[in-house]
Each structure stands twice: as structure tokens, then as C-alpha cells.
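Residue strings, one per chain:
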Amino acid sequence: MTDDASMTGEPDTRALDDLLDGIFRAQERVEQAEIYRQAVAAELPPELLARINALPEGEYAVDEVSDLLGGSVG
């Protein structure tokens, strides 16, 4: 077995998990706009940027945003 996301057709969420780890390291809740801004700066794949951009405006805890975006951080 492999963890290669391309084999399953699912996007690789390691970059998303790393981004969320960094964003939420010093904060409990973060605005959607800040998550998107940092995702763009980190050059996340377009499909992940689209999912982040589609989140309703507001503040999110790491487990909330991870659940909504399909990450494994929590």
C-alpha cells in the first residue's frame, strides 16, 4: 500500500495539513481570509485553494477547518 494520493484520485492533503499546523500553532481561531491568504502564499494546489475560498467567511478552529477541507489535522 502507498500513501500516494494520486493513486486514489483524492488530492494530497499533506500540504494542507502543514499549512494548518503553521497557521494554528499560535492561535486558536483564524479568519477564513487569513487561511486563504496563507494558502496562496504557500502555493497550495488550485483545488485546495478553491475549497478554502469556498468556506463561508468567519473564524475557524483547526478541527473545524480541517474537517471542512478534508485534512487530517485536528
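Scroll up for the structure.
Residues numbered from 1 in each chain as written. Predicted model: local features only at pLDDT ≥ 70, side-chain atom pairs only at ≥ 80, totals over all residues. Heavy atoms only, no water.

The tally for this structure, following the rule as stated, stands at three salt bridges. One salt bridge connects Arg29 with Glu64, and the closest N-O pair in it is separated by 3.3 Å. Residue Arg29 is found in strand E1 (residues 29-31), and its partner Glu64 is found in helix H5 (residues 62-69); the two are separated by 35 residues along the sequence. Taking relative accessible area as the criterion, Arg29 reaches 38% and is therefore assigned partly exposed. Its relative accessible area of 32% is what places Glu64 among the partly exposed residues. In this structure, Glu34 engages Arg37 in a salt bridge whose closest nitrogen and oxygen atoms are separated by 2.7 Å. Separated by three residues within a single helix, Glu34 and Arg37 lie in helix H3 (residues 32-41), roughly one turn from each other. On the accessibility criterion, Glu34 (26% relative accessible area) is partly exposed. Classification of Arg37 as partly exposed rests on a relative accessible area of 48%. (Salt bridge = Lys/Arg side-chain N within 4 Å of Asp/Glu carboxyl O. Helix = DSSP H or I, 4+ residues; strand = E, 2+ residues; numbered from the N terminus. Buried < 20%, exposed > 50% of the residue type's maximum accessible area, 1.4 Å probe, protein only.)

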